[in-house]
Amino acid sequence: MNRFAIENHSVLEYPEQFGSPRPVPMLPGKKVSHVPWKPRPSRTILFFLAAAPAFAAAPAKLDVAASSRTLVAGQTLRLRITLLDAADHPAPAPRPFPVQLQLRTPSNAVVPLSSGTIPAGQSSLDMSAPLRDAGLVYVWARNPELLPGGQFVNVRPPSGASASAAHSQLKPIPVRAAPPAAAASAPAPPPPPRPTIERAPASVDSAIDADTAGVKKKVVRAEVSAPAPPPSMLPAITLRYSPQRDLLANGSDPAAVEAFLVGDVSAAPADIRLTLFDSTNSLKPAPLVIPAGQSAGRSTITSSQPGAVTIEFLGSNPRVEFQGGKTLSVRFVPPISRVSLQASPPRISLVDTAELIVSLADAEGRNWVTDSKRPISLYITSGRGQITRQDIEIPAGQFETRARFVPEWPGVVSVSAATPNLLTVNVPLSVTWPLALLFCSALGGMIGGFLSKQTRKRGDKWRVPTGLFTGFLFYWACIFLGVSALLGPAVLNPLSALAVSAVGGWLQTEVFTIVGDLLRPRAAAGA
């Protein structure tokens, strides 16, 4: 219900300049007319400031954008690390987020590069790192509470940099035109010379000079009928996808499918179009294109259904030589982007316990079952208390698990829940003194002491104060030592506190014998 609504005695109007309803009193026998209303600036500002945290999206993953996709070994790579929410939009950091930058070499060795921190309130961080290993390397950023992000970079050896640039500038050999008659009557090209011939005699040179026209005919004929270049001269292509992690099946967590030119070719002399098959039919743009003058091309895929997505290379125009596997498998998982923590009930007394409920949800708060077990760590960040199970897990096929909180002292207790790659959350718990139970226990103890005074004649003046103490002790033993197991949860009822404390007050010092008998086996078991 809107906070401006007043039940039974008002109707709601919607001023155009603000768009929110305001209450208008209804008087008996009077018609309601429009009353102009202008919002107070102070209230409006306070309202939006209070609602700002609810509108701000929480970060869920890291994105890595490289300044260049191709570098020479020894050069410095500049990167921008960005915090994104589950819908792939930039999200400000609610607190400082440390970021660790790492690199995976072509031999699958992991090398730490550098580290930094995204300040609170900002969503990006610029970092740089030198790249020394040649080959197709994977650079990624990680944080324990976020999904990692990464990108492939093609690092070329320094010695081949000039040769690659020269090779990329090669042009096709021009074909010289010949007269139609000469081209038609030209004989077939002579077979290649045998390997045993090392030096041509002088008579052959003179013969060639004497018959220049014949030589020209042979050259033209050889150029026209030259075969296609061997496969070793074709540009070499390899496929990769990033980020190298499980993608969220929410339709907005994209996987970048990338094609790289590898080998001696540093840039494509013309557009290279790759035809790819993907089982989701969501590849955009399609076909994947490596533009002329560049060394990499990129398309993206998304999925709204958990499962593996297959990407397969079918062909290209112009023809290329393929290196590595022609099939990629991208795994999409349930769109779990946050962990939720609730305390039930959120307000307890010192003698109560609360249940901690941990669940997995998407960005909109809908629960999703996990396809693999999720470890959960529960811990107290402030206040005093105990958690019965601090290290728990959510099994595969479920979406929640529970633990119990036992308070140790009154006050506000903050409990946090952490799991890998999801933002840590916390929930406050209010612990109060059990004033009603204490009052009933004290009253019951005095009543029991008074009844003991009426039935016993010795020590009359101390029986009521003794009953006050022994009544409380007996009630405490009932709650925490299980003296009155038959009462169960009813022991926390104020009437139960009154009755049990009255029994303890009537028993007087015999309560110590009962409590001692209960503590002795527990002490022996603990030893």
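Everything in this summary refers to the structure shown in the same document. Quantities reported herein were computed from a predicted structural model and do not represent experimental measurements.

1. What to know about the sheet that holds strand β22 (residues 354–361)
Read across the open sheet, the four strands follow the order β20-β22-β26-β24; overall the sheet is antiparallel. Single-partner strands in this sheet number two, and they are β20 (338–344) and β24 (385–387). Neighbour-to-neighbour, the strand axes of this sheet turn through a mean angle of 25°, independent of strand direction. Pairing between β24 and strand β26 (residues 400–407): three bridges, direction antiparallel. Residue pairing across strands places Gln386 opposite Val406, the latter belonging to β26.

2. Notes on the packing of aromatic side chains
Within a pair of aromatic rings, the relevant descriptors are the distance that separates the centres and the angle that separates the planes. All chains considered together, the criterion is met by five aromatic pairs. Relative to Trp140, the ring of Tyr138 has its centre 5.8 Å away and its plane inclined at 20°; by these criteria the two rings are stacked. The same class applies to Tyr138 and to Trp140, which are both buried. Taken together, a centroid distance of 4.9 Å and an interplanar angle of 50° make the contact between Tyr138 and Phe152 tilted. Taken together, the positions of Tyr138 in strand β9 (residues 135–143) and Phe152 in strand β10 (residues 146–156) put the pair 14 residues apart, joining distant regions of the chain. Taking relative accessible area as the criterion, Tyr138 reaches 4% and is therefore assigned buried. Taken together, the ring pairs connect Tyr138, Trp140 and Phe152 into an aromatic cluster. Over the aromatic face of Phe152 sits the side chain of Arg240, whose NZ or CZ is 5.9 Å from the ring centroid.

3. Some points on the nonpolar core
Core analysis: the biggest nonpolar cluster contains 26 residues, and Leu77, Leu79, Ile81, Leu101 and Ile118 have the highest contact counts within it. Those elements that provide at least two residues to this core are β3 (61–66), β5 (76–84), β6 (97–104), β8 (124–130), β9 and β10. Apart from residues lying up to four places away in sequence, Ile118 is in contact with Leu62, Ile81, Leu83, Ala93, Arg95, Pro96, Phe97, Val99, Ser123, Ser124 and Leu125. Core analysis: the second largest hydrophobic core is formed by 25 residues, Ile237, Leu247, Val257 and Phe322 among them.

4. Observations concerning a nonpolar patch on the surface
Together, Phe439, Leu443, Met446, Ile447, Phe450, Leu451, Leu468 and Trp506 make up a nonpolar patch on the protein surface, roughly 720 Å² of accessible area in all. At six residues, helix α6 (residues 435–455) tops the list of elements feeding residues into the nonpolar patch. Looking at the element boundaries, Leu468 is found in helix α7 (residues 463–480).

Calculation rules
- Residues numbered from 1 in each chain as written.
- Predicted model: local features only at pLDDT ≥ 70, side-chain atom pairs only at ≥ 80, totals over all residues.
- Heavy atoms only, no water.
- Pairing = 2+ DSSP bridges.
- Helix = DSSP H or I, 4+ residues; strand = E, 2+ residues; numbered from the N terminus.
- Axes fitted to C-alpha atoms, helices over the stretch in contact; angles between N-to-C directions.
- Phe/Tyr/Trp six-rings, centres within 6.5 Å; stacked < 30°, edge-to-face > 60°.
- Buried < 20%, exposed > 50% of the residue type's maximum accessible area, 1.4 Å probe, protein only.
- Lys NZ or Arg CZ within 6 Å of the ring centre and 35° of its normal.
- Core = buried A, V, L, I, M, F, W, Y, C linked by side-chain atoms within 4.5 Å.
- Contact = heavy atoms within 4.5 Å.
- Patch = residues over 30% accessible without salt bridge, like charges linked within 9 Å, V, L, I, M, F, W, Y side chains within 5 Å.
- Areas by Shrake-Rupley, 256 points an atom, 1.4 Å probe, with all protein chains shown as cover.
- Salt bridge = Lys/Arg side-chain N within 4 Å of Asp/Glu carboxyl O.

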